[in-house]
Each structure stands twice: as structure tokens, then as C-alpha cells.
Amino acid sequence: MTYLEQLLRHHLTDWRSGWSMGTFGAIAEFHQDDGEIAVIDDTHLLTRATRRGSIRVDRGVLGELVPVAYETLSPKRHRWSQAVALCLPEAKARRSGRSVLSEIGPDDHAIRGIDRTGILFDMGLSLPQCDFCIRTSEPKLLAALRANLGRSLFEHGNDAMPAILAAHPHRVALTNMGRVEVYQKIGGPDTGGVSPEGPHTHLLPKLLKGGRTHSANTPIPTGLLPVGGLHPGNPVIDPLGKDRPFDLTLHSEFQELMSRFATAEALAGKAYLDKALEAGRDLDPGQAPAGRQARAALRVALRQKARLAEHIGDEARIRTVAAWQAGFEQSEPEVEDDDAPGHAA
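Fair warning: this is a prediction, and the values are worked out from it, not measured in the lab.

A. Examining the nonpolar core more closely. The biggest cluster of nonpolar side chains holds 53 residues, and the ones touching the most others in it are L65, M123 and F132. In contact with M123, not counting residues within four places along its chain, are V100, L101, F132, C133, I134, L153, M161, I164 and L203.

Structure (C-alpha cells):
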């Protein structure tokens, strides 16, 4: 068993780890709660399912997946986000890219047997690396969808989208890595305007118009497309997005992933800070690595050093890092809010 397969197996059974498949503007997420019962836990298929959603990673693609670990800044200066993008070469990552509502047929590969009679419809979002679908057996919704086949869901006068929002069908994100299925309601009026806790989807038409395959904050190497995301437990943000006491174990575990899978530029930014601390010299913003990834990684590392110093009660280190942080945070542009929830669909 490869290291990557061991890693994925471990995180599938760790309730603190989240997963995602989709693209920039349309994404399906799988999350678990502590103690939540798994309906399926097939160790041969890398599958996990609960009553609220499920995920499958196809073992046949593991030899081609390229993990890219990364950390991103939050506008809240005591926080950062972290993830591992699971990528494929662009030619192997691309899907159908359908641009109109299309009926695929019965979902023979649904994770739960009970769902295999449901009918899959590609929503036609023109996504390069994901077929973003809905699945239903509800006659009224089936009729509405079939009456609008071959049309854009966003076309004026198309009543398919209102029918989808009213019926809350399963959402299924298909990539060449596997699939994420969401069984919960679509976030909106029926959920108080917020995404349900646990598995959910986001569909943001304004972001889709940009045609981007991933956020500008995600450092995907040229020639690769992200087909899935692993989101290990965050050491400073709990599963509900609230502050948590610094968790040294979660932090250390992700730093191991960074050392294995981060880009060379990001590692250079973190290394610059480590060397300055070891040498006891001042940190000069003008002498730091100039690349965008390196600068962002250095700023994340400063936040991490500050939290570590507070955790162990090292007053001298707290003062040193605080002074360095002030210089770097003031000299760099503000960042977009990666912690903020999107609008669910």
C-alpha cells in the first residue's frame, strides 16, 4: 500500500477531516461528526457514507494522483486554512464539460444501493474537471427536468432551477478521482439561508462565469487540475468555523504533509523564517523570498509561530514574532476570506 493510499484511508475514518470535489464556484463537500455512524465503510473501495452524504475515491487512479499541500491566509490574523489538493494531469482530469442540462440515466455507480435507481442529470455548468449532477426519482421533478433538457439552467424562463431548489434532490459531483454525494437539503430558504452542517454543496454562478478551475490562492502546478480536496482537521478552527484552542497534534500532522507535498516556493518561504529564528537575526521584509506563494507561506508561518509561542508560554518568542508579524502584515495586501461560508445550492 502506498503512502498516499494509507493517508487517504486514515482521513476517511477521521471525522475531523473533510473532503470536496468540484471546481471554483461549484463544489460538493463531505463532512462527518464525531461518532457519526458510517453506513458504508468499504476498505477496498476507499468509500465512506453516512445518512447525510458520502465519498468514494477510486483506487485505480491512486498511482496518478499528485497531492499538493498548501496553507492559505485568513483576514483573521490568528487563523489560517489548510488542505491537500488531489490533482491529475490536465488531459486525464477533464470530464464532459456539458454546457446544458443533460440526462445521463440511472446512477448505476451510486455509493448506496438504494440510490442506484435514481436518474442522474448533469446540470450543464461547463466545468472542466467535474460533472456536477443532481439525482432524483421524484416524478414531478423528473418532468420539470426533462422539459428543459438541452437548455442552460440559468437561461431566462427556465423553470428547472426553481424546481431543483424546491425538491432538494441529491447532488453528485463526479470527477476522475471519484465522487461526492450530498443527501441533505440545499442551503436556502428551507434551511434558514445557510448551508446545513455536514455534507453540503455550493453553487455560485458569479464565480462560475470566471471559468477558473480553482481559487487563485490554491498553488496548483502548471499542467495539473485539482479533482478533489482533502481538508484535515484545522489546529485553530473547529468544524463549525469557530476558533478553537491551538491543537499541536493537528498542526504537527499537517506540517508533515507540507514537508512532503507543498510546492518548493511555499517551503522556501517557511524555511526563510525558520533560519531567521535559529540565527536570532531580524526578519527583513525586503530580503524575504519574493514569490506570491513564498510570501503567503511566510505570513502563515508567522501566525503559526505566534500560536506555538503562546501555546508553550515563551514570552520572548511571543514578542519577537509579534514584531515581525506587524511588519509583514502591514507591508502585504489584504487577503480574501477563505474561512467565510459560501451560498449553498
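More follows now that the structure is in view.
B. Layout of the environment of E256. Within the secondary structure, E256 sits in helix α6 (residues 248–261). Of the residues examined, E256 reaches a relative accessible area of 37% and is grouped as partly exposed. The spacing of E256 and A69 is 187 residues in sequence and 9.8 Å in space, taken between C-alpha atoms.

C. The arrangement of the pattern of salt bridges in detail. Counted according to the given criterion, the structure contains 23 salt bridges. Across the pair R307 and E310 runs a salt bridge, and its minimum N-O distance is 3.8 Å. Taken together, the residues R307 and E310, both in helix α8 (residues 292–312) and three residues apart, mark about one turn of the helix. We classify R307 as buried; its relative accessible area is 13%. Salt bridges here are not isolated pairs; linked through shared partners, they connect D107, R112, D115, R135, R179 and E181.

D. Local environment of unusual backbone geometry. The backbone phi angle of S126 is positive, close to 60 degrees, even though this residue is not glycine. Positive phi is not limited to glycine here, since H168 has a value of about 55 degrees. Checked against the element boundaries, H168 lands in the loop between α4 (160–167) and β10 (170–175). Here H168 falls in the buried class, since its relative accessible area comes to 14%.

E. Just α6, in detail. Compared with an ideal rise of 1.5 Å per residue, which puts 14 residues at 20 Å, α6 spans 20 Å between its outermost C-alpha atoms and is within 8% of the ideal. L250, H251, F254, Q255, L257, M258 and F261 are the residues of α6 that are buried. Seen along its axis, α6 keeps its buried residues to an arc of 160 degrees; they face one direction. Its buried side turned inward, α6 meets α1 (3–12), β5 (66–73), β6 (80–89), α7 (264–279) and α8. Where α6 starts, the residue carrying a side-chain oxygen 3.1 Å from the main-chain nitrogen of T249 turns out to be D247.

F. Spatial organisation of the environment of G124. The residue G124 is located in the loop between β8 (119–122) and β9 (131–136) in this model. Among all residues touching G124, those that are not within four sequence positions of it are R98, S99, V100 and L101.

G. View of the sheet that holds β5. Spatial ordering of the open sheet is given by β5-β6-β13-β1-β2-β12, a layout of six strands whose pairing is antiparallel. The sheet is open, and its two edges are formed by β5 and β12 (200–203), each paired on a single side. Across the sheet, the mean angle separating the axes of adjacent strands is 25 degrees when strand polarity is ignored. As paired elements, strand β2 (residues 26–30) and β12 share four bridges and run antiparallel to each other. Bridge assignment links A26 to a residue of β12, and that residue is L203.

Reading the values: rules and limits
- Residue indices follow the written sequence of each chain, beginning from 1 at its first position.
- Per-residue local features of the predicted model are confined to residues with pLDDT of at least 70, and side-chain atom pairs are confined, for both listing and counting, to 80 or more; whole-chain, interface and lining totals are unaffected and use all residues.
- Note that the side-chain values use all heavy atoms of the structure and ignore hydrogens as well as water.
- Only buried Ala, Val, Leu, Ile, Met, Phe, Trp, Tyr and Cys residues count toward a nonpolar core, and they belong to the same one when joined by side-chain atoms within 4.5 Å.
- Between buried and exposed lies partly exposed: a residue is buried under 20% and exposed over 50% of the maximum accessible area for its type, with that area taken using a 1.4 Å probe on protein chains only.
- By definition, residues are in contact when any of their heavy atoms lie within 4.5 Å.
- Working definition: helices are DSSP H or I runs of at least four residues, strands are E runs of at least two. Numbering for both runs from the N terminus.
- What makes a salt bridge here is a side-chain nitrogen of Lys or Arg within 4 Å of a carboxyl oxygen of Asp or Glu, nothing more.
- Here, expected helix span is obtained from the residue count minus one, scaled by 1.5 Å.
- For this quantity, the arc is that covered by the directions from the helix axis to the C-beta atoms.
- Whenever a nitrogen or oxygen atom comes within 3.5 Å of another N or O atom, the pair is scored as a polar contact, on the condition that within protein one atom can donate a hydrogen and the other can accept it, and that pairs from neighbouring residues in sequence are kept only if both atoms are in side chains.
- Paired strands are those between which DSSP finds at least two bridges.
- To obtain each axis, a line is fitted to C-alpha atoms, and for helices this fit is confined to the stretch in contact; angles are then taken between N-to-C directions over 0 to 180 degrees.

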